[in-house]
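Single-letter residue listing:
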Amino acid sequence: MAGKLKPLDIERETRPGKYPDGDGLYLVVASATSKNWNYRYWKDGKQRWLGLGSLRDVSLKDARLARDAARLRVKGDRSTPGVDIVQEKRAAREGAKAVESEVTLPTFEECAEAYIREHWSTWSKKHRDQWPSSLKRYAYLTIGKITIPEIRPSHIYELLRPIWVEKRETANRVRGRIETIIAKNVDVDDTDFRNPAQLTKQLREKLPRRPKRVVRHHPALPYAEAPQFMARLSLANGIAASMLRFLIFTACRTNEVVDARRSEVDRSSSTWKIPGERMKMNQDHVVPLSEPALAILDHVRDSSQRELIFPNSDGGVFSENAMLAVLDRLGYGNVTVHGFRSTFATWAEECTDYPDGVREAALAHKYKSETTAAYQRGQKLEKRRVLMNDWAQFLVGSNVIRLDETG
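Since we're looking at a predicted model, the values are computed, not measured. (Residues numbered from 1 in each chain as written. Predicted model: local features only at pLDDT ≥ 70, side-chain atom pairs only at ≥ 80, totals over all residues. Heavy atoms only, no water.)

Quick word on a negative patch on the surface
- A surface patch of negative charge is lined by Asp187, Asp189, Asp190 and Asp192.
- Structurally, aspartate 187 can be placed in the loop between α8 (168-184) and α9 (201-206). (Patch = residues over 30% accessible without salt bridge, like charges linked within 9 Å, V, L, I, M, F, W, Y side chains within 5 Å. Areas by Shrake-Rupley, 256 points an atom, 1.4 Å probe, with all protein chains shown as cover. Salt bridge = Lys/Arg side-chain N within 4 Å of Asp/Glu carboxyl O. Lys, Arg positive; Asp, Glu negative; His and termini not counted. Charge placed at Lys NZ, Arg CZ, Asp CG, Glu CD. Helix = DSSP H or I, 4+ residues; strand = E, 2+ residues; numbered from the N terminus.)

So, in structure tokens, the structure goes:
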């Protein structure tokens, strides 16, 4: 079509394209069933396209009249300045959306509190302590009183910047928690949404540069000294000492043991199933229990029928420092509780022939290869059972010289 458009031509035209009628009016054809009128104009050096309606609803004559009216508004006259109609409509939509948000949408703080309430019953004590306190301390001051759609990456930058270098782990956790809460409260069908709390390249470049982290391994007891240490530990009194012995026999992490529940133990199969929310990889982990580990469970059982296996004097969960205090009392303040996992790993590697997969499964480590992870998903329970029995035998074998017998 060339020159002025004609009614018959525009009805027949099906080829995709933009067909001019003059003075900025175009028929935009996307397909045989999608034809729309648009007015093109320039304002402040920017090209704008103003939609005037579908060909089904607006005739050629009416489209020209709408174009003429739009031209007058854009150009203005002596008494009325010209306006950018597209920008005006965009501002009106955003204003309406802001009003709607103020009326109906909850604030970020309200969304966060709802999320915490929803997950409270499934969280460990550590999560229950850290989620509310970290958000209150680092997030609410900046974004607590605004709604989710109002949050911008600049808000996230503002609240992370003061702690990004000095409190690396805290900053990472706070950002992740904010991202989770925002994602929970957006429309699942909104494909254009980008979470402002995502650690995008743009945000990472704006945040202060972190110095390279020096990897510090948890000080571990040499495995050759472990049997003698266990002999000394067996003489120590108190629930915390029993908890430390159980941790060493199972090669588990501190938080997994301090919050251990009796309902997680299956005596018929001699296993302890740790739920995923307490595991580093967020997956259930089944631990085969050796005879010494089971004996500890029997030793700490009382008549109260409490769910916690290792309760403190108030019946609650021990601090994660309780076992460190036991080590200090025994004169082993130079090693850490977590270091006993390294003790186990080194013993298993240097003193046994168990494959890597069995040793890694015993430690509940994540496999770097997704293929390997899928293959190992069965957790190699029976093979690990033999490994853990060998570990227990190494720790309490008859060749151990008890310190109280050495004179």
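Observations concerning the packing of aromatic side chains
- Inspection of every chain in the model, using the stated rule, returns 16 aromatic pairs.
- For the ring pair tyrosine 115 and tryptophan 131, a centre distance of 5.3 Å and an interplane angle of 25 degrees mean the geometry is stacked. Within this pair, whereas tyrosine 115 is found in helix α4 (residues 108-119), its partner tryptophan 131 is found in helix α5 (residues 125-138), the two being separated by 16 residues in sequence.
- Using a relative accessible area of 13% as the deciding quantity, one classes tyrosine 115 as buried.
- Of the aromatic side chains, those joined through ring pairs into one cluster are Tyr223, Phe344, Trp347, Trp391 and Phe394.
- For the cation-ring pair, arginine 210 lies above tryptophan 164, with the distance from its terminal atom to the ring centre recorded as 3.5 Å. (Phe/Tyr/Trp six-rings, centres within 6.5 Å; stacked < 30°, edge-to-face > 60°. Buried < 20%, exposed > 50% of the residue type's maximum accessible area, 1.4 Å probe, protein only. Lys NZ or Arg CZ within 6 Å of the ring centre and 35° of its normal.)

Describing the pattern of salt bridges
- Taken as a whole and assessed by the stated rule, the structure comprises 18 salt bridges.
- Between glutamate 205 and arginine 209 there is a salt bridge, with its nearest N and O atoms 3.1 Å apart.
- Of the residues examined, arginine 209 reaches a relative accessible area of 68% and is grouped as exposed.
- Its salt-bridge partner being glutamate 256, residue arginine 253 comes within 2.9 Å of it at the nearest N-O pair.
- Overall, the relative accessible area of 9% leaves arginine 253 in the buried class.

Re the pairing of strand β3 (residues 34-43)
- The pairing of strand β2 (residues 25-31) with β3 spans 6 bridges and is antiparallel. The residue of β3 that forms the bridge with valine 28 is asparagine 36.
- The antiparallel pairing of β2 with β3 creates a hairpin that spans 2 residues between the two strands.
- One ladder, built from 8 bridges, connects β3 with strand β4 (residues 46-54); its direction is antiparallel. The residue of β4 that forms the bridge with tyrosine 39 is leucine 50.
- Between the end of β3 and the start of β4, which pair antiparallel, lie 2 residues, with aspartate 44 showing a positive phi angle near 55 degrees. (Pairing = 2+ DSSP bridges.)

As for the nonpolar core
- One finds Phe229, Leu244, Ile248 and Trp272 to be the most contacted residues of the largest nonpolar core, which totals 56 residues.
- Ranked by residues supplied to this core, first place goes to helix α11 (residues 239-250) with 8 residues.
- Residues within four places of isoleucine 248 in sequence aside, it is in contact with Phe229, Met230, Leu233, Phe340, Trp391 and Leu395.
- Residues Tyr115, Ile116, Ile151 and Ile156 belong to the second largest nonpolar core, which totals 27 residues. (Core = buried A, V, L, I, M, F, W, Y, C linked by side-chain atoms within 4.5 Å. Contact = heavy atoms within 4.5 Å.)

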